[in-house]
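# Structure assessment
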Amino acid sequence: MTRLRSEDRTHRLGTRAIHAGRIDDQNAGAIMPPIYQTSTYRQEALGLNKGYEYGRTQNPTREALERNVASLEGAEFGFAFGSGLATLDAILKLFKAGDHIVCGDNVYGGTMRLMVRVYEPLGLTFSFVDMRNAENVGAALRPTTRLVYCETPTNPMMFLADLQAIGDICQAHGLLFAVDNTFASPIFQRPLELGADLVMHSTTKYLNGHSDMVGGIVVTKREDLAERLGFLQNASGAVPGPMDCWLALRGTKTLPLRMERHDQNGRRIAEWLSTHRAVKKLYYPGLPSHPQHELAKRQMRGFGGMISFDVGDADRARKILGATRIFSLAESLGGVESLIGHPASQTHASVPVAMREAMGLTDSLVRLSVGVEEVEDLIEDLDRAIG
Ligand code: P1T
């Protein structure tokens, strides 16, 4: 179980991003955390070791990442996994058959697939509700409800959930509250301060920021949850390798800088799209026209680089997706390079069509992950592609 040390709790966010979790390398004084690429550790005698016994159970590079992200989120404990979905898998294993979970109706397609296709057959029950209105959460509660799970902003509709309001409901009913903070990152949103018990990330995205690994992490302040998650991390064993932890950790050092630029570029491009005649609907919480802009300003410090827009015609969307030159057509998000995607056939293909349509996730919806390139180049690229 990886717990923060006192030195991981000092300083401001931008300094923590670089220093929290630091490994004090006695061997050579390496500035960067060593990659402990080892499956096991020499033991001096039976039962006598340096706190490391086996690579699934403990790894110093992994611990450095866990401390770093826990520190950024204002947590005490962190647990890294082999993917964002492996992280959610561990969270869902906190529950047992018969337990009920309330989840946002717009979440990453793979999140819903894991819940409905893997855990529902094992006896967990789920209600998917529109969390733009916190009252829907209260209305969905049952005597067996144990967890409320939400993304905000959501993938890909950029809907927001009022974390404080949902946190209050959870507290009043003794429920756990877990938030997927992948889209905002701890630089722009810190759910633990607003009532969440667990915060998870796909580290594949903004935390790594360079599209060169797949991983996930969950952090918490609560020792009881940490004990259970630490047990599950070892018992189920979906741990990330040390090299991937190192890549994520290298990424978090520049997270504040990158987020600032994603945010600047995101705002500029959203404003530009808002005046484009081909754009029928635009989803970006940083625009005053976003129905939840006031909430966005209240609970987020920036709005980031994720933008979705609807061009009203699937053929037109397909043409745009094939015509950009700087924006690459690809799944995933949060890297320094800009990506363009089609949620209906890519990231959310596993979501039932009726549910997709009800939330506005149409075949003509295009999703942008705006990178950190020169924004004028990005606008020219989109201008050429949208026509
Ligand atoms: O891909 P993985 O690291 O397992 O993370 C899953 C995941 C969890 N939560 C959110 C909000 C996500 O966006 C994702 C993965 N999303 C994509 C691959 C995507 O392109 O949207």
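Residues numbered from 1 in each chain as written. Predicted model: local features only at pLDDT ≥ 70, side-chain atom pairs only at ≥ 80, totals over all residues. Heavy atoms only, no water.

## Re the sheet that holds strand β1 (residues 2–3)
Read across the open sheet, the eight strands follow the order β1-β2-β8-β7-β6-β5-β3-β4; overall the sheet is mixed. The outermost strands of the open sheet, each flanked by one partner alone, are β1 and β4 (125–129). Its contacts with the sheet put helix α6 (residues 163–173) on β5 (145–151) and β6 (176–180), and the angle it makes with β6 is roughly 155°. (Pairing = 2+ DSSP bridges. Helix = DSSP H or I, 4+ residues; strand = E, 2+ residues; numbered from the N terminus. Contact = heavy atoms within 4.5 Å. Axes fitted to C-alpha atoms, helices over the stretch in contact; angles between N-to-C directions.)

## Considering the site of the ligand
Surveying the vicinity of the ligand reveals 17 residues, the closest of which are Asp180, Thr204, Lys205, Ser332 and Arg367. Gly84 is positioned with one of its backbone polar atoms (N or O) 2.9 Å from an oxygen atom of the ligand. Between the ligand and Asn155, the relevant distance is 2.8 Å, taken from an oxygen atom to a side-chain nitrogen or oxygen of the residue. For the ligand, the protein covers 92% of the area, taking 480 Å² as the surface of the free molecule. Considered class by class, the residues forming the shell around the ligand number three nonpolar, nine polar and five charged. Looking at the shell around the ligand, you find at least three residues from each of domain 1 (2–253) and domain 2 (255–386). (Near = heavy atom within 4 Å. Polar contact = N/O pair within 3.5 Å; in protein donor to acceptor, adjacent residues only side chain to side chain. Areas by Shrake-Rupley, 256 points an atom, 1.4 Å probe, with all protein chains shown as cover. Nonpolar A, V, L, I, M, F, W, Y, C, P; charged D, E, K, R; others polar. Domains from an automatic or database assignment.)

## Things to note about the domain arrangement of the protein chain
Along its sequence, the protein chain is organised into domain 1 (2–253) and domain 2 (255–386). On the side of domain 2, 40 residues touch domain 1, which itself brings 47 residues to the contact. Of the roughly 3400 Å² buried at the junction of domain 1 and domain 2 (both faces included), carbon and sulfur atoms supply 64%. Between domain 1 and domain 2 we count two salt bridges in total. Linking Arg298 and Asp162 is a salt bridge whose minimum nitrogen-to-oxygen distance equals 3.3 Å. Counting the contacts that link domain 1 with domain 2 gives 19 residue pairs in polar contact (both at pLDDT 80 or more). Residue assignment for the side of domain 1 that touches domain 2 shows that the elements contributing at least two residues are α1 (13–19), α4 (109–119), α6, α7 (185–188) and α9 (242–253). Residue classes in the side of domain 1 that touches domain 2 are distributed as 23 nonpolar, 16 polar and eight charged. (Buried area = accessible area lost by both parts, 1.4 Å probe. Salt bridge = Lys/Arg side-chain N within 4 Å of Asp/Glu carboxyl O.)

## Describing the nonpolar core
One finds Met131, Val148, Ile166, Phe177, Ile269, Leu273 and Leu368 to be the most contacted residues of the largest nonpolar core, which totals 87 residues. Both domains that furnish three or more residues to this core are identified here as domain 1 (2–253) and domain 2 (255–386). In this view, Met131 contacts Val102, Cys103, Gly104, Val137, Val148, Tyr149, Cys150, Leu160, Ala161, Asp162 and Ile166; residues no more than four positions away in its chain are not counted. (Core = buried A, V, L, I, M, F, W, Y, C linked by side-chain atoms within 4.5 Å. Buried < 20%, exposed > 50% of the residue type's maximum accessible area, 1.4 Å probe, protein only.)

## Let's talk about the packing of aromatic side chains
Within a pair of aromatic rings, the relevant descriptors are the distance that separates the centres and the angle that separates the planes. The full count for this structure, using the stated rule, is two aromatic pairs. With a centroid separation of 5.4 Å and 45° between ring planes, the pair formed by Tyr41 and Tyr52 is classed as tilted. Of the two residues, Tyr41 is situated in the loop between α1 and α2 (60–73) and Tyr52 in the loop between α1 and α2; the sequence distance between them amounts to eleven residues. Residue classification places Tyr41 among the buried residues on the basis of a relative accessible area of 15%. Ring centres 6.1 Å apart and planes at 15° place the aromatic pair Phe126 and Phe128 in the stacked group. Its relative accessible area of 9% is what places Phe126 among the buried residues. Sitting above the plane of the Phe159 ring, Arg132 keeps its charged end 3.7 Å from the centroid. (Phe/Tyr/Trp six-rings, centres within 6.5 Å; stacked < 30°, edge-to-face > 60°. Lys NZ or Arg CZ within 6 Å of the ring centre and 35° of its normal.)

## Comments concerning the sheet that holds strand β9 (residues 281–283)
The five strands lie next to each other as β9-β10-β13-β12-β11, forming an open sheet whose pairing is mixed. Every other strand in the sheet has two partners, leaving β9 and β11 (328–329) as the edge strands with one partner each. Alignment of strand β12 (residues 339–341) against strand β13 (residues 365–369), held across three bridges, turns out to be antiparallel. In the strand pairing of β13, Ile340 is matched with Leu368. Strand contacts of helix α12 (residues 314–323): β11, β12 and β13, with the helix running at about 155° to β12, the strand carrying the most contacts.

## Comments concerning the pattern of salt bridges
Considering all chains together, one arrives at 22 salt bridges under this definition. Arg146 serves as the salt-bridge partner of Asp99, at 3.6 Å between the closest nitrogen and oxygen. With Asp99 in the loop between α3 (84–92) and β3 (100–104) and Arg146 in strand β5, this pair connects stretches of sequence that are 47 residues apart. Each of Arg5, Glu7, Asp8 and Arg67 takes part in one network of salt bridges that share partners.

## Looking at a negative patch on the surface
On the surface, Glu374, Asp377, Glu380 and Asp383 cluster together to form a negatively charged patch. Looking at the secondary structure, you find Asp383 in helix α14 (residues 375–386). For Asp383, a relative accessible area of 41% gives the class partly exposed. (Patch = residues over 30% accessible without salt bridge, like charges linked within 9 Å, V, L, I, M, F, W, Y side chains within 5 Å. Lys, Arg positive; Asp, Glu negative; His and termini not counted. Charge placed at Lys NZ, Arg CZ, Asp CG, Glu CD.)

## As for a positive patch on the surface
Taken together, the side chains of Arg277, Lys280, Arg316 and Lys319 define a basic patch exposed on the protein surface. Within the element layout of this structure, Lys319 appears in helix α12. Under the relative-accessibility criterion, Lys319 is labelled exposed at 61%.

## Looking at the packing of α3 against α4
Their axes nearest at 10 Å, the elements α3 and α4 cross at an angle of 45°. As far as their axial angle goes, α4 and α3 are oblique. As for the relative orientation of α3 and α4, their crossing is right-handed in sense. Residue-level contacts link Leu85, Leu88, Asp89 and Leu92 of α3 to Gly110, Thr111, Arg113, Leu114, Met115 and Tyr119 of α4. Considered class by class, the residues forming the contact of α3 with α4 number six nonpolar, two polar and two charged. (Parallel < 35°, antiparallel > 145°, perpendicular 65-115°, else oblique. Left-handed = near helix turned anticlockwise from the far one by under 90°.)

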